[in-house]
Amino acid sequence: INAEYMGERKQMSDLSSSIVSGRFHSQKQRLRSCGISNLIYLFEGAPCEGLSVPSSALETAMSSTMLRDGFRVLFSPNVEGTAQLLALLTEHMNKNITSSGLLDATFECWNKQQAVSREMDLRSTFVHMLAQVRGCSVEKAEAVAMQYPTPASLRRKLTQLVKCGSNEEAESLLWNIQGADGQRRLGPAAGTLLAKCFL
């Protein structure tokens, strides 16, 4: 932590597990609310197969961190590269930090304010639920939650369609919902599975 900069380092294995658990989304939210303008995400290593999420999902998560969430994103090939980057960043910060940039609050006070809440709001919990379904990335789950912010609202819509005799329309309700990139649809497989979960 520095008065003007704050960063988070993620290896690919950690990024993968934090996407699955939902920590990645909540960590970014806490960083954005810390009051520091220069936020840095350092991704270490290259996306690869064999992790809990596919490499394409890791690439999407990294790009959305920069393009949608507004973080400064740095990439490092390995631990040695990370050490070199951190040394350069430290040198840069030491040259540019001014007394006016120092935090008035103590670290203990700041740390207490940023502690993880034990009670996630309903929408965040819903997003994490949806993202557990194969084919439904966090970005697509967030897009679903934008239209149906609670499980009850999604169930109401699906039930309404079924009562009108539109079973096929109910199953295809979520197919065309698009992620943040505006291109990738949720699709028939994941969309139908999600609909059946709430019918």
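Every value quoted in this text rests on a predicted model; they were computed, and no experiment measured them. (Residues numbered from 1 in each chain as written. Predicted model: local features only at pLDDT ≥ 70, side-chain atom pairs only at ≥ 80, totals over all residues. Heavy atoms only, no water.)

*Asks:* Looking at this structure, how should I read helix α1 (residues 12-21)?
*Replies:* Those residues of α1 lying buried are Met12, Leu15, Ser16, Ser18 and Ile19. Looking at the buried residues of α1, the elements they touch are β1 (5-11), α2 (23-32), β2 (38-44), α3 (55-67) and α7 (138-147). (Buried < 20%, exposed > 50% of the residue type's maximum accessible area, 1.4 Å probe, protein only. Helix = DSSP H or I, 4+ residues; strand = E, 2+ residues; numbered from the N terminus. Contact = heavy atoms within 4.5 Å.)

*Asks:* Explanation requested: the nonpolar core in the structure shown.
*Replies:* Proteins that are soluble and globular tend to have nonpolar side chains buried together. If you look at the biggest cluster of nonpolar residues, it comprises 40 residues, and the most contacted ones within it are Leu15, Ile19, Phe43, Leu130 and Leu174. Among the secondary structure elements, those contributing two or more residues to this core are α1, α2, β2, α3, α6 (122-130), α7, α8 (151-163) and α10 (188-197). Examining the composition of this core, we find that 5 residues originate from one element, α7, more than from any other. Apart from the residues lying within four places of it in its own chain, the contact partners of leucine 130 are Cys136, Ala141, Val144, Leu194 and Phe198. (Core = buried A, V, L, I, M, F, W, Y, C linked by side-chain atoms within 4.5 Å.)

*Asks:* So what exactly am I meant to see when it comes to the packing of aromatic side chains here?
*Replies:* Geometry of an aromatic ring pair is reported as the spacing of the ring centres plus the angle between the planes. Tallied over the entire structure, the rule returns 4 aromatic pairs. With 5.4 Å between their ring centres and 20° between their planes, tyrosine 41 and phenylalanine 43 make a pair best called stacked. Taking relative accessible area as the criterion, phenylalanine 43 reaches 0% and is therefore assigned buried. Taken together, Phe24, Tyr41, Phe43, Phe71 and Phe75 form an aromatic cluster joined through their ring pairs. (Phe/Tyr/Trp six-rings, centres within 6.5 Å; stacked < 30°, edge-to-face > 60°.)

*Asks:* Explain the pairing of β2 to me, please; I cannot follow it from the model alone.
*Replies:* Two faces belong to every sheet, and in a regular strand the side chains alternate between them. In terms of residue burial, β2 counts as a mostly covered element, since 7 of its 7 residues are buried. Residues of β2 alternate between two faces, with Asn38, Ile40, Leu42 and Glu44 on one and Leu39, Tyr41 and Phe43 on the opposite face, all of them buried. Here β1 runs beside β2; their pairing, made up of 7 bridges, is parallel. The residue of β2 that forms the bridge with glutamate 8 is tyrosine 41. Summarising the sheet, β2 and strand β3 (residues 72-76) pair through 5 bridges and their orientation is parallel. In the sheet register, leucine 42 faces β3, and the bridge partner there is leucine 74. Running through α3, the crossover from β2 to the neighbouring parallel element β3 is right-handed. (Pairing = 2+ DSSP bridges. Right-handed = clockwise from strand over helix to strand, strands pointing away.)

*Asks:* Whenever I open this one, the pattern of salt bridges confuses me. Can you help?
*Replies:* Side-chain pairs of opposite charge can arise whenever the charged atoms involved come near each other. Within this structure, the stated rule accounts for 8 salt bridges. Measuring nitrogen to oxygen at the nearest pair gives 3.8 Å for the salt bridge that ties lysine 10 to glutamate 8. Relative accessible area serves as the criterion here: at 0%, lysine 10 is assigned to the buried category. The shortest N-O distance in the salt bridge between aspartate 69 and lysine 28 comes to 2.7 Å. Here aspartate 69 is found in the loop between α3 and β3, whereas its partner lysine 28 is found in helix α2, with 41 residues between them in sequence. As far as the burial class goes, aspartate 69 and lysine 28 line up, both buried. Ionic contacts of the salt-bridge type, sharing partners, join the residues Lys28, Arg32, Arg68, Asp69 and Glu142 into one network. (Salt bridge = Lys/Arg side-chain N within 4 Å of Asp/Glu carboxyl O.)

*Asks:* How should I be thinking about the environment of alanine 131 in this particular structure?
*Replies:* Position of alanine 131 among the secondary structure elements: in the loop between α6 and α7. On a C-alpha basis, the gap between alanine 131 and isoleucine 19 in space is 8.6 Å, while along the polypeptide they are 112 residues apart. Among all residues touching alanine 131, those that are not within four sequence positions of it are Cys136, Val138 and Ala141.

*Asks:* Would you take a moment to explain the packing of α6 against α7 for this structure?
*Replies:* Two quantities define a packed helix pair, namely the angle between the helix axes and the distance between the axes. It is the contact of α6 with α7, at a shortest axis distance of 8 Å, that shows an interaxial angle of 130°. With respect to their mutual orientation, α6 and α7 come out oblique. Judged by the twist between their axes, the crossing of α6 over α7 is right-handed. Residues Arg123, Phe126, Val127 and Leu130 of α6 lie in contact with α7, whose contacting residues are Val138, Ala141, Glu142, Val144, Ala145 and Met146. Residue classes in the contact of α6 with α7 are distributed as 8 nonpolar, no polar and 2 charged. (Axes fitted to C-alpha atoms, helices over the stretch in contact; angles between N-to-C directions. Parallel < 35°, antiparallel > 145°, perpendicular 65-115°, else oblique. Left-handed = near helix turned anticlockwise from the far one by under 90°. Nonpolar A, V, L, I, M, F, W, Y, C, P; charged D, E, K, R; others polar.)

So yeah, pure geometry; function would need other evidence.
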